[in-house]
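Below, each chain spelled out in residue letters.
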Amino acid sequence: MTEPLPGLRPRAALAMSPDVASAVLDPESRAALGALCDLAPTVLEDLTAPAARAVLADVDLLVTGWGCPPLDDDVLRAAPRLRAVVHTAGSVRGHVTDACWERGIEVSSAAAANALPVAEYTLAMILLTGKRALESARDYRTARARTDWLRTPRTVGNHRRTVGVLSASLIGRRVIDLLRPHDVEVLLHDPYVDDAEAARLGVRRVDLAELFRRSDTVSVHTPLLPETRGLVSRELIGSMGPDAVLINTARGAVVDQDALTDAAVAGRIRAVLDVTDPEVLPPEHPLWDCEHVLLTPHLAGSQGNEWRRLADTAVSEIARWARGEGFLHPVRRERLAFQA
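Residues numbered from 1 in each chain as written. Predicted model: local features only at pLDDT ≥ 70, side-chain atom pairs only at ≥ 80, totals over all residues. Heavy atoms only, no water.

The name an unreviewed UniProt entry assigns to the protein is Hydroxyacid dehydrogenase, from the organism Streptomyces tendae.

Set out below in structure tokens:
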């Protein structure tokens, strides 16, 4: 647990893109940070610049965000007093290096706060695709008249729909929580979850093949790691039932995108893709014009007024740390292999 700085306010600096700092940390959030610590007035984007080095020499705490450079050996040598990193977004893999862990620097992340809007987006897409809302809206706009709703196929709707969740990550667990009020069966595949934990989550644990074979909707929440690249394979996609839906809010490379494209263009399955590989797809890619796919521009995570949740989480974590209480949302080195 952190030892408080007796009689001293911690010295802190923002390390992120200036545009990110302006977006995520509004004036009220900056004022809250300033009430807790002596905050450097400049945003550090290039940690090798002389002005940044002068700030780093005195900081106890870095508040990081999207665009923060790696905190490597060279940076840490310039920051001999640095004791903690509080990240205003989710994954810290891009900037927290082995050198940070070896120094014993404490790390916190707003991943739990960022998980909520992703889970909300996922829930919305599960329900909308279950009702075929996007297709119905398109047909309604074209026909300028209602179809015979009494002839709606019984495959349409969310009553007793089967939803497969791939990975009980922070986001996967939030999706499971949000699905509780709905009349759906939830399957889970996660090799690190046993039957007892699955029962506590209120889901049925299945193997990967069964998840894809049985689910009307599969929602991907696994982090991109060497062993998960291409995890959603051509074989798994091919095993999905006719008109099943694949939702991906994780990372594009977790899915065999060529196989997904073939299945979607052929009209075998539908997909909601908030992430692709690469982001953004080439202009000529067939998914752009595929009527069975909804592409969104990585918007499931925190945006707009949701940034305030990230800022509030960071402020709360800094307050705890300054009091010597330790972080409520610590990032552990040994858990990085299982996190985004």
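And the narrative resumes.
What follows is about the overall build of the protein. Each helix and strand in the protein was counted, giving 13 helices and 12 strands. Per element, the accessible surface of the protein, about 16700 Å² overall, is 53% carbon and sulfur. For the protein, the distance from the average position of its 39 positive side-chain charges to the average position of its 46 negative side-chain charges is 5 Å. (Helix = DSSP H or I, 4+ residues; strand = E, 2+ residues; numbered from the N terminus. Areas by Shrake-Rupley, 256 points an atom, 1.4 Å probe, with all protein chains shown as cover. Lys, Arg positive; Asp, Glu negative; His and termini not counted. Charge placed at Lys NZ, Arg CZ, Asp CG, Glu CD.)

We now examine unusual backbone geometry. Residue P278 is bonded to the preceding D277 through a cis peptide linkage, with omega at 5°. Tracing the backbone shows P278 in the loop between β11 (270-273) and β12 (293-295). Of the consecutive residues E279 and V280, the connecting peptide bond is found in the cis state with omega at 10°. For R132, which is not a glycine, the phi torsion comes out positive at approximately 50°. Its identity is not glycine, yet R144 carries a phi of approximately 55°, on the positive side. For R144, the position within the fold is in the loop between α7 (133-143) and β6 (161-166).

As a further point, take the UniProt feature "domain: D-isomer specific 2-hydroxyacid dehydrogenase NAD-binding" (unreviewed entry) in the protein. The sites that carry the UniProt feature "domain: D-isomer specific 2-hydroxyacid dehydrogenase NAD-binding" (unreviewed entry) are, in the present numbering, residues 125-300. For residues 125-300, the end-to-end C-alpha separation is 10 Å, with 32% helix and 16% strand making up the annotated structure. (UniProt positions renumbered as here; feature names shortened; annotations may be inferred.)

Sites flagged by UniProt as "domain: D-isomer specific 2-hydroxyacid dehydrogenase catalytic" (unreviewed entry) map to residues 55-331. Helix makes up 36% of residues 55-331 and strand 15%. Its end C-alpha atoms lie 25 Å apart.

Ranked by internal contacts, the top residues of the largest apolar core, which has 28 residues, are F212, V232, I237, L246 and L260. Where this core is concerned, the elements lending two or more residues are α10 (208-214), β9 (217-220), α11 (234-239), α12 (257-265) and β11. The dominant element in this core, judged by the number of residues it contributes, is α12, at 4 residues. Beyond its immediate chain neighbours, meaning those up to four positions away, L246 contacts F212, V218, V220, V232, M240, V255, L260, R270, A271 and V272. (Core = buried A, V, L, I, M, F, W, Y, C linked by side-chain atoms within 4.5 Å. Buried < 20%, exposed > 50% of the residue type's maximum accessible area, 1.4 Å probe, protein only. Contact = heavy atoms within 4.5 Å.)

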